[in-house]
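Residue strings, one per chain:
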Amino acid sequence: MNDTPPKPLRSQAWFGKADKDGFIHRSWMKNQGIPHDAFDGRPVIGICNTWSELTPCNAHFRELAEYVKKGVYEAGGVPFEFPVMSLGESNLRPTAMLFRNLASMDVEESIRGNPIDGVILLVGCDKTTPALLMGAASCNLPALAVSGGPMLNGRFRGREIGSGTGVWQMSEEVRAGTMTQAEFIEAESCMNRSRGHCMTMGTASTMASMVEALGMGLPHNAAIPAVDARRQVLAQLAGRRIVDMVREDLTMSKILTREAFENAIRTNAAIGGSTNAVVHLIALARRIGVPLSLDDWELGSDVPCLVNLQPSGQHLMEDFYYAGGLPAVLRQLGEHGLLHRQALTVNGKTIWQNVEDAPNYNHEVITPLDQPFKPKAGIAVLRGNLAPDGAVIKPSAATPGLLSHRGRAVVFENVEELHEKIDDESLDIDEYCVMVLKGAGPKGYPGFAEVGNMPLPKKVLQKGITDMVRISDGRMSGTAYGAVVLHVSPEAAAGGPLALVQTGDMIELDVAARRLHLDVSDEELARRKAEWKAPPLPERGYYRLYVEHVLQADQGADLDFLVGASGAAVPRDSH
Ligand code: FES
């Protein structure tokens, strides 16, 4: 029998007092029609909501929150929904990634400063997931993430089109003259036709899968479509469960262990997940105090890709759910020694207990591990004199023949120059060249933009060529594909060797050897470095704070002063 007295609820530091402070905290809350006994020591659950009509992927979250609330009440808790900064990938400029860390600060301080015992994180569009996990991790209360779910499959003139991936494909078709402008416009409403986030295995679906693989979400969090009633059931069950997590004091650090991150890395390979997960998981691990480096991503490099989903494959998230969803993938990893089976999850069970009987209903969508969709699908970490602190490539999304390549660099100093010159007939470029883009990294853009999958030159496209080696210090949308080397560290704006590359230099990419080499002598590079000048800092505001403090990609691109945690101790009162 456990004689340990239950830990006092932190919300009682607000609501449990008989003095004027208690009056103030309770009385103002009562203007929402809340009875007095709501403050009698029941777990208070925050519902951290990234709802916004400017974040279309999360626009249904007010309704989803109502299901969470039902569950919280059923379990004897009291729910309070609160807004935090929402990050919509399709609208927010210059890039939603610039604000991931800002949103995480909003989340952290909103949780810590309020009478909250446990928190549900409502996440969906790409950056909302890492932002909320990171902010909550720095408080380390019991937390459970609920993803909003993917959209239904896109359908256009009899063919399936995936959000993001279809845009890249069709825009190249328009440029190549094989699709009309009218068809392109018609496809807009055919692609994104229901609520939910991108339904390819892009960053949103990848991060929803990471939530599940890390143990931070309930089984099937990743794939239930947003419009499927089972998504609402999952939200309600999450509401019930978080109340018990508070009673059990099941804090985030008990779930986010080194084993959980290793499970997530291997899962990312098995689902053909986004390269963006690399940056987000490293940043999250550093918040919760788990050592995780870029090189740890090699843990997934021998793991085959089991899931045949766009952008690496053919199908979409709706198909993935009907096939069995992430539990069917995790089960296979567990059966082949690729999963730490004892890792704890939010429902109080180990990850293995959650998935050991998971069925696979469609072996074309979720392939067997001994006959995988793609062998060795993980993210490869490259190093060399062009990327001393590392760079990444997703080999499964690249043309195999380009994974070992030597070519002449064609350099674009920034994304504006790329757009200005790429279709210029006089540009001296062919499919054997290596496209190099600078100024897309955390400091350089600023904000670490998703521009690494550069459009190919029109004259190359017109030959029927669809892939070239591209290298940048930027990121790539999880829905994109190609022989694209990303996250080159240090970035050009931080004075990394990428800044010194000139058109005409020879570059060698050898993914099997994990090598990225600029074939220029050290003496010549030193001469170029002496002439290099750092770009000016932004004048003011968050941009200034960000550029002064952002860490490089290999360290998760967090702000240096946000690494780590401050816990959930109750701040002093000002009344
Ligand atoms: Fe929101 Fe893709 S734009 S998930």
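In the nomenclature of an unreviewed UniProt entry, the chain corresponds to L-arabonate dehydratase from the organism Paraburkholderia caffeinitolerans. UniProt lists a comment for the chain under the heading Sequence similarities (unreviewed entry), and it reads "Belongs to the IlvD/Edd family."

(A) Spotlight on empty space enclosed by the protein. Tallied over the full model, the rule gives 2 cavities of 30 Å³ or more. Approximately 60 Å³ is the volume attributed to the largest cavity. Around the largest cavity sit Glu212, Gly217, Leu218, Pro219, Pro327, Leu330, Thr345, Ile351, Asn354 and Val355, which together line it. Of all the secondary-structure elements, those providing two or more residues to the lining of the largest cavity are α14 (325-335) and α15 (351-355). Counting residues per element, the lining of the largest cavity draws most heavily on α15, which supplies 3 residues. Considered class by class, the residues forming the lining of the largest cavity number 6 nonpolar, 3 polar and 1 charged. The volume enclosed by the second largest cavity comes to roughly 30 Å³. Lining the second largest cavity, in full, are His60, Glu63, Leu64, Arg195, Ala226 and Gln232.

(B) Layout of the UniProt feature "domain: Dihydroxy-acid/6-phosphogluconate dehydratase N-terminal" (unreviewed entry) in the chain. Summarizing the sequence annotation, UniProt attributes the feature "domain: Dihydroxy-acid/6-phosphogluconate dehydratase N-terminal" (unreviewed entry) to residues 42-353 in the numbering used throughout. Spanning residues 42-353, this segment combines 46% helix with 9% strand, and its end C-alpha atoms are found 30 Å apart.

(C) Structural detail: the pattern of salt bridges. Going through the model one piece at a time under the given rule, you end up with 45 salt bridges. In this structure, the salt-bridge partner of Glu172 is Arg175, at a minimum N-O distance of 2.6 Å. In this pair, Glu172 and Arg175 both sit in helix α6 (residues 165-176), 3 residues apart, roughly one turn of the helix. For Glu172, a relative accessible area of 18% gives the class buried. When salt bridges that share partners are traced, they join Glu89, Asp126, Lys127, Glu450 and Arg475 into one network.

(D) Looking closely at helix α5 (residues 128-137). Within α5, 10 of the 10 residues are buried, which leaves the element mostly enclosed by the surrounding structure. Turning to α5, its buried residues number three or more, namely Thr128, Thr129, Pro130, Ala131, Leu132, Leu133, Met134, Gly135, Ala136 and Ala137.

(E) Layout of the UniProt feature "domain: Dihydroxy-acid/6-phosphogluconate dehydratase C-terminal" (unreviewed entry) in the chain. As annotated in UniProt, the feature "domain: Dihydroxy-acid/6-phosphogluconate dehydratase C-terminal" (unreviewed entry) corresponds to residues 364-557 in the numbering used here. The span residues 364-557 carries 15% helix and 21% strand; its end-to-end C-alpha distance comes to 37 Å.

(F) Structural view of the sheet that holds strand β2 (residues 78-83). A sheet is described by the order of its strands in space; here 4 strands give the open sequence β2-β1-β3-β4, paired in parallel fashion. With one partner strand each, in any of the chains shown, β2 and β4 (143-147) form the two edges of the open sheet. Strand-to-strand twist in this sheet, taken as the mean axis angle between neighbours without regard to direction, amounts to 20°. Both strand β1 (residues 44-49) and strand β3 (residues 118-123) contribute to a ladder of 5 bridges, which runs parallel. What sits directly across from Asn49, in β3, is Leu122. Set on the sheet, α5 makes contact with β1, β3 and β4; between it and β3 the angle comes to about 165°.

(G) Layout of unusual backbone geometry. Looking along the chain, the bond that leaves Arg93 and enters Pro94 is cis, with omega of 5°. Mapped onto the fold, Pro94 is located in the loop between β2 and α4 (100-112). Between Tyr445 and the following residue, Pro446, the backbone shows a cis peptide bond with an omega angle of -5°. Note that Pro446 resides in the loop between β10 (434-437) and α17 (458-461).

(H) Molecular detail of the packing of helix α8 (residues 203-214) against helix α11 (residues 258-271). Look at α8 against α11: their axes get within 8 Å of each other, and the N-to-C directions meet at 140°. On the basis of their axis angle, the class for α8 and α11 is oblique. Between α8 and α11 the crossing geometry is right-handed. Counted together, Thr206, Ser209, Met210, Ala213 and Leu214 of α8 and Ala260, Phe261, Asn263, Ala264, Thr267, Asn268 and Ile271 of α11 form the full contact between these two elements.

(I) Expanded view of the side chain of Arg26. Along the polypeptide, Arg26 turns up in helix α2 (residues 20-29). If sequence neighbours within four positions are ignored, Arg26 has contacts with Phe15, Gly16, Lys17, His36 and Phe39.

What counts, and where the lines are drawn
Residues numbered from 1 in each chain as written. Predicted model: local features only at pLDDT ≥ 70, side-chain atom pairs only at ≥ 80, totals over all residues. Heavy atoms only, no water. UniProt positions renumbered as here; feature names shortened; annotations may be inferred. 1 Å grid on protein atoms, 1.4 Å probe; cavity = no way out; pocket = protein on both sides within 12 Å on 5 of 7 lines; lining within 4 Å. Points joined across faces, edges and corners; volume = space filled by probe spheres on them. Helix = DSSP H or I, 4+ residues; strand = E, 2+ residues; numbered from the N terminus. Nonpolar A, V, L, I, M, F, W, Y, C, P; charged D, E, K, R; others polar. Salt bridge = Lys/Arg side-chain N within 4 Å of Asp/Glu carboxyl O. Buried < 20%, exposed > 50% of the residue type's maximum accessible area, 1.4 Å probe, protein only. Pairing = 2+ DSSP bridges. Axes fitted to C-alpha atoms, helices over the stretch in contact; angles between N-to-C directions. Contact = heavy atoms within 4.5 Å. Parallel < 35°, antiparallel > 145°, perpendicular 65-115°, else oblique. Left-handed = near helix turned anticlockwise from the far one by under 90°.

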